[in-house]
Amino acid sequence: MIDNQWVLTAAHCIIKPYTLADYMVNLGAYQLAVPSGVLAAVSAIYVHPIYQGDGTSGDIALIRLQSPVPYTDYIMNICLPAQDVQFPSGLSCYVTGWGSIKQGVSLPAPQTLQMVQLPIIDQAQCNSMYHINNPSLPASQTLIQWDMICAGFPNGQKDACQGDSGGPLACKWNGSWLLAGLVSWGFGCAIANRPGVYTRVSAYSDWIQQHVAVQATPADISIQNVPNNSTGASSCLTYLLFLLTVFIHIILW
Ligand code: 4AZ
């Protein structure tokens, strides 16, 4: 959730052709088998136009909710990184999801939200890792594109897996949580030299801003027109003076 009315996911989570009425966003859920949180209806979906299927660039989609959802302890936006933010290799981040606990094994009931802490692996390093023990992949072929970032360990062990797609790769940066990536793809799960691959959200900050800003709701706009604090405080003072004057008149009368 990047705003009280907008949610980010992976393009490959949106199966075309789709009907908006087929989608609901469950916000603040914890255990999928125990209905909780808020179910929000969807008013628009924007799949990035460059996305062309598994492993391609642009695996990102924006979902607009029909109405804004109030923030709670469990429903909260995450900050978007600016276009120029480079998450350094080794930075420790967190992936969350209800996906498989290993390849081919889905999360058992009551399907409690899982989390794993993983270090960032930059594009070039991740691309080299995918070439290790991969004779069918020409050395010159780039698998990890400009808009992808990886996370994981050289020997595998911990990873996102099928069903985690579209979920957040979140990193704490100067005290704020930033959305570094969206779970996108990978060769299997937790395999050595095959780290999880994420859509690099910073690469899409302009695209996201364009959609979210253009469609600010009248409520958002009117909030900007509310008098600022000093005006508010002075009108309050005027009102108190008025009350005092009335009070004095009553006493004198
Ligand atoms: C998937 O199929 C998927 N190991 C998601 C993440 C990873 C692999 C596959 C990363 O949704």
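Nothing here was measured: the structure is a model prediction, and the numbers come from that model. (Residues numbered from 1 in each chain as written. Predicted model: local features only at pLDDT ≥ 70, side-chain atom pairs only at ≥ 80, totals over all residues. Heavy atoms only, no water.)

J.: Account for unusual backbone geometry, naming residues and giving values.
T.: Cis geometry marks the peptide bond from Lys-16 to Pro-17, where omega comes out at -5°. Checked against the element boundaries, Pro-17 lands in the loop between strand E1 (6-9) and strand E2 (24-27). A cis amide bond, omega 5°, links Ala-109 with the succeeding residue Pro-110. Its location among the elements puts Pro-110 in the loop between strand E5 (92-97) and strand E6 (114-121). Here Gln-157, not a glycine, exhibits a phi torsion of approximately 75°, which is positive. Here Gln-157 shows up in the loop between strand E7 (148-151) and strand E8 (168-173). Residue Gln-157 is classed as exposed on the basis of its relative accessible area, which comes to 58%. (Helix = DSSP H or I, 4+ residues; strand = E, 2+ residues; numbered from the N terminus. Buried < 20%, exposed > 50% of the residue type's maximum accessible area, 1.4 Å probe, protein only.)

J.: An account of the state of the cysteines is requested, with residue identities and associated values reported.
T.: Applying the stated criterion across every chain, the model contains three disulfides. The residue that forms a disulfide with Cys-93 is Cys-171, at a sulfur-sulfur distance of 2.1 Å. Given an S-S torsion of about 105°, the disulfide between Cys-93 and Cys-171 has right-handed geometry. Here Cys-93 is found in strand E5, whereas its partner Cys-171 is found in strand E8, with 78 residues between them in sequence. Both residues of the pair, Cys-93 and Cys-171, count as buried. Here Cys-126 is linked by a disulfide to Cys-150, with a sulfur-sulfur distance of 2.0 Å. What sets the handedness of the Cys-126 and Cys-150 disulfide is the S-S torsion sign, and at about -80° it is left-handed. Here Cys-150 lies in strand E7 and Cys-126 lies in helix H1 (residues 123-131), a separation of 24 residues in the sequence. Neither residue differs from the other here; Cys-126 and Cys-150 are each classed as buried. (Disulfide = S-S within 2.5 Å.)

J.: So what's going on with the sheet that holds E8? Which residues, and what values?
T.: What the six strands build is a closed barrel, ordered E5-E6-E7-E10-E9-E8; its pairing is antiparallel. Here the average twist between neighbouring strands, direction ignored, is 45°. (Pairing = 2+ DSSP bridges. Axes fitted to C-alpha atoms, helices over the stretch in contact; angles between N-to-C directions.)

J.: Kindly report on the side chain of Ser-57, identifying the contributing residues and their values.
T.: Structurally, Ser-57 is set in the loop between strand E3 (38-47) and strand E4 (61-65). Ser-57 sits in the buried class, given a relative accessible area of 13%. Here the side chain of Ser-57 touches Asp-147 through a polar contact of 2.9 Å, side chain to side chain. Filtering out sequence-adjacent residues up to four positions away, Ser-57 remains in contact with Ile-50, Tyr-51, Gln-52, Gln-145, Trp-146, Asp-147, Met-148 and Tyr-204. (Polar contact = N/O pair within 3.5 Å; in protein donor to acceptor, adjacent residues only side chain to side chain. Contact = heavy atoms within 4.5 Å.)

J.: Could you give an account of the side chain of His-211, with specific residues and numbers?
T.: With respect to the element layout, His-211 can be found in helix H2 (residues 205-214). Here Trp-207 takes part through its backbone oxygen, which lies 3.0 Å from a polar atom of the side chain of His-211. Every residue in contact with His-211, bar those within four places of it in the chain, is listed here: Trp-6, Tyr-46 and Leu-62.

Nothing here speaks to function; it is geometry throughout.
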